[in-house]
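Overview (structure and organization)
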Amino acid sequence: METMLPQLQKMREYFTSRVTYTYEYRKQQLIKLKKTLYKYEKEIYAALYADLKKNPEECWITEIGFTISEINYALKNLASWMRLKSAGTNLLNFPSRSYIVHEPLGVALIIAPWNYPLQLLLAPLVGAIAAGNCVVLKPSEFAPATAAVLGKMIEETFEQYYILVAQGDGASVIPSIMHDFRFDHVFYTGSTQVGTIIYEMAAKKLTPVTLELGGKSPCIVESDADIKVAAKRIAITKFSNAGQMCIAPDYVMVHQSVKEQFLHHLKEAAENFYNAESTRDYYSKIINPKQFDRLVSYTNSGTILYGGHYDAESLFFEPTIVTDVPLDAPMMREEIFGPVLPVLSWQHEEEVYKIIEQHNNPLALYVFTSSNAREKKWTRSIAFGGGCINNASWHFTNHHLPFGGIGNSGMGNYHGKFSFETFSHKKAIMKTPTWFDPALKYPPFKGKLNLFKKIIR
Ligand code: NAD
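Our subject in this report is the structure included herewith. (Residues numbered from 1 in each chain as written. Predicted model: local features only at pLDDT ≥ 70, side-chain atom pairs only at ≥ 80, totals over all residues. Heavy atoms only, no water.)

**Looking at the overall build of the chain**
When helices and strands are tallied, the chain shows 16 helices and 18 strands. Against the 2.2 N^0.38 benchmark of 23 Å for 457 residues, the chain shows a C-alpha radius of gyration of 25 Å, consistent with a compact globule. On the principal axes, the C-alpha backbone points of the chain span a range of 80 × 55 × 40 Å. Residues counted as buried form 54% of the 457 residues belonging to the chain. Just so you have it, the chain exposes about 20800 Å², and 56% of that area is on carbon and sulfur atoms. Separation between the mean location of the 48 positive side-chain charges and that of the 44 negative ones in the chain comes to 14 Å. (Helix = DSSP H or I, 4+ residues; strand = E, 2+ residues; numbered from the N terminus. Rg over C-alpha atoms; globule rule 2.2 N^0.38 Å. Buried < 20%, exposed > 50% of the residue type's maximum accessible area, 1.4 Å probe, protein only. Areas by Shrake-Rupley, 256 points an atom, 1.4 Å probe, with all protein chains shown as cover. Lys, Arg positive; Asp, Glu negative; His and termini not counted. Charge placed at Lys NZ, Arg CZ, Asp CG, Glu CD.)

Here you go:
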């Protein structure tokens, strides 16, 4: 494999020239990115259709429009984000003044997975550009049509010494570039397994990382929830993109007393939204045979209450609801990442905690209840990345919230201002005037202990 080192060294030189530091430069690059998204809109739809059979409406909300809204928000706020932030100063340092400068980190590497192959590459890029970095982008080779369009768009829009696309098999491309070159930040989205490999490689060069990983995200449905609304809101995001969403509800734990009612509405919603004559065309396919076969193997456990049909040739996998699933079944041990939804029931809280504890730590948690006390109870007693009350997955689309995992589901966060912060170094400066220079601050310190104890207590 040809080394990318000369190109990376050029990026380093370009970054060191400080061209990317200015507000005007960053603003212009964000505008260029936005324009190119509009220009390539139709090609992006075609690519996402080829890779995942995504429909244009979903592409807009979850990929192109999502990224444009991140750009718009960054453009609106960039000047204020870049401004010096004044900070307090403690008594010990009186009469100094303190402030924080957000500075670019340098050359960043952004690695994306295949499930939202455009958005998961470009949304972090918005933050990296806003913060003034140079960037290497690694699209997923498992969404090849989208990777090709992304390569074309980026190469046409930006100089390669500013933003460079690295295509190909991640398992060989990434170790090679991370070995040859010291990145100033690695932003990885994908499986926990590969995330661990990335973290190890980054550690060798003390490169900081953001890891946006996976996990099993549960839904808890309480008996006092609006059951019909809960079923609809779980169905829409569980089966969107055929369940290939990191924050899709992975499994549902519904209170025993409302289980039948919930299942009735869940089946109805799955049918109406994705599986009826009129909606099936708008339902995504499974990305590739490997993922398809994994999902097929799940149908051996439990009772299929709804769906369960599939077609290997078209990689179609019907929205599927499963009950009576043993807790040691593969679908309850692994992240499902597909349109199979196990529904379990519970009577006592301990049962819920026990199941969640098997899969520390969820990327998301969704609680359906009309009680503030129950909401507080669940959200404060379980460690998870982020989540929703009476909703599922949509917290991801709110750029006022930081998005990220905890423990096994990742580290760090992004979206909106949090992306800017992720790709910035907070440089802390304290400025001390010279007019006040008491002898107290200089040796000899002998005999000053009591005074020091008064200042620091
Ligand atoms: P993937 O296989 O496309 O891999 C992600 C990236 O890692 C790709 O760019 C690939 O080239 C690279 N890669 C693969 N093997 C590698 C290796 N050995 N060394 C270095 N790089 C390698 O995607 P995936 O991992 O199958 O994605 C699915 C997972 O991602 C799920 O677990 C899902 O939950 C998670 N995910 C998380 C988020 C989030 O925001 N937290 C979003 C989407 C997906």
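**Concerning the pattern of salt bridges**
Counting across every chain of the model gives 13 salt bridges. For E156, the salt bridge identified is with K39, shortest N-O distance 2.5 Å. In this pair, E156 sits in helix α6 (residues 144-157) while K39 sits in helix α2 (residues 23-39), placing the two residues 117 residues apart along the sequence. Its relative accessible area of 57% is what places K39 among the exposed residues. (Salt bridge = Lys/Arg side-chain N within 4 Å of Asp/Glu carboxyl O.)

**Re the site of the ligand**
Close contacts around the ligand come from 29 residues, with A112, S140, E141, L213 and E335 the closest. With respect to the ligand, the backbone of E212 contributes an N or O atom lying 3.5 Å from a nitrogen atom. Out of a free accessible area of 850 Å², the ligand has 92% covered by protein chains. Secondary-structure elements contributing two or more residues to the shell around the ligand are α7 (170-180), β6 (185-189) and α8 (192-204). Here the residues of the shell around the ligand are counted per class, giving 18 nonpolar, 7 polar and 4 charged. Two domains share the shell around the ligand, each providing at least three of its residues, namely domain 1 (5-213 + 410-429) and domain 2 (218-397). (Near = heavy atom within 4 Å. Polar contact = N/O pair within 3.5 Å; in protein donor to acceptor, adjacent residues only side chain to side chain. Nonpolar A, V, L, I, M, F, W, Y, C, P; charged D, E, K, R; others polar. Domains from an automatic or database assignment.)

**Some points on the sheet that holds strand β8 (residues 218-221)**
Strand order in the open sheet formed by 7 strands is β10-β13-β14-β9-β8-β15-β16, and the pairing between neighbours is mixed. Two strands lie at the open edges of the sheet, namely β10 (303-306) and β16 (386-389), each paired on one side alone. Put simply, the sheet's adjacent strands are angled 25° from each other on average, direction ignored. Across 3 bridges, β10 lies against strand β13 (residues 320-323) in antiparallel orientation. Residue pairing for β13: I304 is matched across the bridge by V322. (Pairing = 2+ DSSP bridges. Axes fitted to C-alpha atoms, helices over the stretch in contact; angles between N-to-C directions.)

**Concerning helix α3 (residues 41-52)**
The end-to-end C-alpha separation of α3 is 16 Å, in line with the 16 Å expected for 12 residues at 1.5 Å each. Inspection of α3 places I44, Y45, A47, L48, D51 and L52 among the buried residues, and these make up the whole buried set. In a view along the axis of α3, the buried residues occupy a sector of 170°, so they form one face of it. Residues of α3 that are buried in the fold lie against α2, α4 (56-82) and α6. Phi for K53, located one or two positions after α3, is positive at around 55°. (Expected span 1.5 Å × (residues − 1). Arc of directions from axis to C-beta. Contact = heavy atoms within 4.5 Å.)

**Focus: the packing of α2 against α4**
Running from N to C, α2 and α4 cross one another at 165°; their axes reach a closest spacing of 10 Å. Taken together, the axes of α2 and α4 are roughly antiparallel relative to one another. Handedness of the α2/α4 crossing: left-handed. In this structure, α2 contributes Y23, R26, K27, L30, I31, L33, K34, L37 and Y38 to the contact, and α4 contributes W60, I64, T67, I68, I71, N72, A74, L75, L78, A79 and M82. When its residues are assigned to classes, the contact of α2 with α4 shows 15 nonpolar, 2 polar and 3 charged. (Parallel < 35°, antiparallel > 145°, perpendicular 65-115°, else oblique. Left-handed = near helix turned anticlockwise from the far one by under 90°.)

In short, geometric facts, not functional conclusions.
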